[in-house]
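# Results of the structural survey
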Amino acid sequence: MEKLKIIAVDDEINFTDLLKQYFEPRNYGIDIASNGDEALNLLDHKKYDVVLMDLKMVGLDGDEIMKRIKTKKVDTRVIFITAYADSGKTKKRLLAEGAYAFVEKPITSLKHLETIVNEAVKKGKKGALC
Amino acid sequence: MTVYSLPVLAGALFSFTAGCYIYLNNRKSQNNISFSLFCFALFLWLFGYTIAYSIMDEQIALRFCRIACTGAMFTAPAFYHFTISFLSKKNEIKYVALAYILTIMITPLSLTSNLFLSGVYKYYWGYYSKAGFFHPFYLSVFFIIFFRGFYLLFKERRKKEMKHIRKLQIKYVFIAYVVALLGAIDYLPKYGIEIYPFGFMFVILFILIVAYAIIRHKLLDIEVIIKKTLVFAGLFGVSYGVIVSFAYFGSIVFENVVRNRWIAMVPSVFVIVLILRPLEHFLRTITDEYLFQKKYDYRQLLKIFADDVLSVIELKKLISHTVEMLSQIMKLENAAILLYNEKSKKFHTAGMADLVVDSNYAIDGSEKLLVLLDKKHNYILREDSGRVKPLPVDIEKVMNKLQSELVLPLKHRENLIGIVSLGKKKSDEDFTEEDIDMLLTLSRTLSIAITNAQLFVRLAEAQAQDAQKEKMAVIGTLSAGINHEICNPLGIARGQCEMFLLNWADGVYKDRTSEELLEKACEIMHKVIHETDRATVITRKLSSFAKPAKGEIEDNVRIEDEIQQVISLVEHDLVLDNISITTKYQKKLPCISADRKQVQEIFFNIIRNAVQSITDKGKVTINVTSSGKNVFVAITDTGVGIGKEHLSQIFNPFFTTKDPGKGTGLGLFIVKQIIEKNNGSIDVQSEPGKGTTFKLVFKAVGKHEEKEEIGKGEGKKVESGRERVESGRERVGGS
């Protein structure tokens, strides 16, 4: 039985690849999208528990994705993985819109990421920053 | 009343007034009494002659001459009396009495008999007494008394221990006596020498000096008066002498030819006119050198200050120079300057000469001395005899600490920025009004010089800060890009390794063969290499950008390449903000001759500005075209635009419409400098609300070359300092 369904959105193939290689053997369902459009496509067809998204996607299609999730009234947690040091405004805005957490790149621990993913699904929509 | 009697009358009236005034000033003091007696005697003397000169009748004239001479006689004992009381020589009082008695006894004789005055001469100015038989004896007694007083004064002057005001008084009285001696000239006409007896002027001067010394105790302008009068008297005497000699000799020569002594006037006037100026200068120099030896030369002081000291920009040097000069030239015991420190709100010692004060010494801004200087006084003099009340204790304390005699304010625009503290003069003399006047002027100029020096320091600091801020601003802009381009690859490299290791540890690979595992490992290592290479590239780009431009102008600079470099640095900044950059390059663009780094800097600044002007979504378009001779770059943004009123200012240094802390205002200024240095020009058009377009023009170089490695460009080293400003357009106006 699959534990959780994750969708990872990032244009860096090597990144999404490593996520897939980590989560899949551990019984997570993980789908990859390399841009916003693809992600939206996938979101329309399947239900996901967690969205792992790079902040880079925000602004272009990221907001779209957030909207879609909201309108669907689905319990999909959005976790942003970002290398951007400053995104104070953006962070605030997204948190207000319901993002669950922000994780900084480079990711220091995949295990830690896994924990957050699990927590996200357990806890409520508004969460603390990791 | 003839013209000759007028000056004498003036003198008479003056003596009378002086006598009254001095007596009334202090009826009890022997000084005052004796001196007023002297003045009244003088009055008699002078008044007697006033009448004598004006009268036609010989006998009446004689009578008045006798009255005058009697008056003159009393001047000796009165004079002696004054000296004794001034010097408090109690033991000689009996001699004073003796002198008076003697004179009184002679009076009836001088008034009536021929012994002293045997008659009158008729000089051109009127009747004048003729010396009688006894007269020379009288004269010798007169001089004996006079010189006795002189001697006593001289001895007194040599004494070392006394209050320095006293010293001054004695000094001036002494000088006055010398002057008075000159009044003895008036005895000459009594012996038949036809010289207008102007000696009484010296006596008048004598009165002035002494009176001032008694009443005021502060002999300020006396110096000047003495000097000027002496010079004047000297000049007058010489002129007079010249006229008389010419008249005398001329009359002998011309007596037969032209019976008019007035013709002699003409050559004498000539001579006088010629010698007057040099004579004046000569007399001035003599009085300066011999009478007032310890005086300093104002002019020297001012000249040194203007040339040397005040043009020094460095604050420390300026201050130390100033105190040294002041102390040296004015021959002071010490000098110091204290300046206000804004942080501590106190006045700290900035420079000292011959003064030892704790280097931490500071006067609080609320200290009375400073408040007084700030609000009321122009200066504070410790021993100011013009002051009614004594100095407040607080002020005295501070002045004691600084061993200060005179404190002057340094003011800038009505604010007290510092003080100048001057110690006593080594000669122990007071600061005269002339001194203080000059010092006040000097301190005003000094304030300006100090303010300048301080501003210079602040300016240098500000410039350093601005340069730093600009650097920070640039780094700030790049930080997003830095983060992304470095953190991402590193994160991936790490993640891949971690993933593999975790999978291995958690047994994900338990069913794989060693070969498969090796393959997997190699795959991951390739990825790691790929990612670290990425990181290296951006690091190189950044460090290359961060290096200061060396000023090498190269002939094969491709604008499109440089623009791309810049874009690759900034594009990450744009992602978050929903801003896109599009570029359009005309085919076969020629190269330009420019400094590569500086060209990058230009585009970096303009693109950054463009991006920052876009508040929501927007785009930046870069269009590069060429006419063969020039290369045109147009950078358009859909930002907030620039208002008409600002368009002409945007290239000014420090002009910015950003909030404080968000921009240094130097970006476009630098751009303009660089562009002009690289033979280009820049223009701007803008519509508020719609956007802005920057148009740059560069001079093209030869033909467009094949794309090749520009690794090590053939840089032509150009002398730094070459700045050819393109005479081209720089229309900066409204759209």
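Residues numbered from 1 in each chain as written. Chains lettered and ligands numbered in written order. Predicted model: local features only at pLDDT ≥ 70, side-chain atom pairs only at ≥ 80, totals over all residues. Heavy atoms only, no water.

## Some remarks on the overall build of chain A
Scanning chain A from terminus to terminus reveals five helices and five strands. In chain A, the succession of α and β elements from N to C terminus is β-α-β-α-β-α-β-α-β-α. When the 130 residues of chain A are sorted by exposure, 52% land in the buried category. Long-range pairs, those at least 24 residues apart, make up 70% of the contacts in chain A with a sequence separation of at least 6. In the form shown here, chain A has an accessible surface area of approximately 6100 Å², with 52% of it arising from carbon and sulfur atoms. (Helix = DSSP H or I, 4+ residues; strand = E, 2+ residues; numbered from the N terminus. Buried < 20%, exposed > 50% of the residue type's maximum accessible area, 1.4 Å probe, protein only. Contact = heavy atoms within 4.5 Å. Areas by Shrake-Rupley, 256 points an atom, 1.4 Å probe, with all protein chains shown as cover.)

## What to know about the confidence of the model for chain B
All names here are of chain B. Across chain B, the average pLDDT comes to 77, with 81% of residues at or above 70. Mean pLDDT in chain B bottoms out at strand β16 (residues 715-716), which sits at 37, and peaks at strand β13 (residues 630-637), which reaches 92. Counting interchain partners and residues more than four positions distant, the pLDDT-below-50 stretch residues 218-222 has 17 contacts. Predicted confidence is poor over residues 704-735, with pLDDT under 50, and the contacts of this stretch with residues over four places away or in other chains come to 54 contacts. Interface confidence for the predicted complex, expressed as ipTM, amounts to 0.86; the pTM equals 0.41. (pLDDT = per-residue confidence, 0-100.)

## A short note on the pattern of salt bridges
Side chains carrying opposite charge are able to pair once their charged atoms draw close together. Scanning the entire structure with this criterion turns up 15 salt bridges over all chains. Among the salt bridges present, the one from E24 of chain A reaches K20 of chain A, with a minimum N-O distance of 3.6 Å. Since its relative accessible area comes to 41%, E24 of chain A is described here as partly exposed. Across the pair E92 of chain B and R148 of chain B runs a salt bridge, and its minimum N-O distance is 2.2 Å. Here E92 of chain B is found in the loop between α3 (58-87) and α4 (93-112), whereas its partner R148 of chain B is found in helix α5 (residues 135-158), with 56 residues between them in sequence. Taking the relative accessible area as the measure of exposure, E92 of chain B reaches 6% and is therefore buried. The partly exposed category is assigned to R148 of chain B, whose relative accessible area is 33%. Several salt bridges share partner residues, and in doing so they unite E12 of chain A together with E531 and R534 of chain B into one network. (Salt bridge = Lys/Arg side-chain N within 4 Å of Asp/Glu carboxyl O.)

## Looking at the nonpolar core
Residue and element names in this part refer to chain B. Within the largest apolar cluster, 70 residues are counted, with the highest numbers of intra-cluster contacts made by F35, F38, W45, Y49, L153, Y177 and F206. The dominant element in this core, judged by the number of residues it contributes, is α3, at 15 residues. Sequence-distant contacts of Y49, defined by excluding residues within four places in its chain, comprise V8, C65, A68, C69, Y128, S129 and K190. If you look at the next biggest cluster of nonpolar residues, it comprises 47 residues, including I567, L589, I606 and F694. (Core = buried A, V, L, I, M, F, W, Y, C linked by side-chain atoms within 4.5 Å.)

## Notes on the sheet that holds strand β4 (residues 346-353) of chain B
Residue and element names in this part refer to chain B. Reading across from one edge, β5-β4-β3-β8-β7-β6 is the order of the six strands in this open sheet, with antiparallel pairing throughout. This sheet does not close on itself; its edge strands, each paired only once, are β5 (362-364) and β6 (380-381). Direction of pairing for strand β3 (residues 335-341) relative to strand β8 (residues 415-422): antiparallel, over a ladder of five bridges. For L338, the partnering residue across the bridge sits in β8 and is I419. Docked against the sheet, helix α11 (residues 315-329) engages β3, β4 and β8, running at close to 150 degrees with respect to β3. (Pairing = 2+ DSSP bridges. Axes fitted to C-alpha atoms, helices over the stretch in contact; angles between N-to-C directions.)

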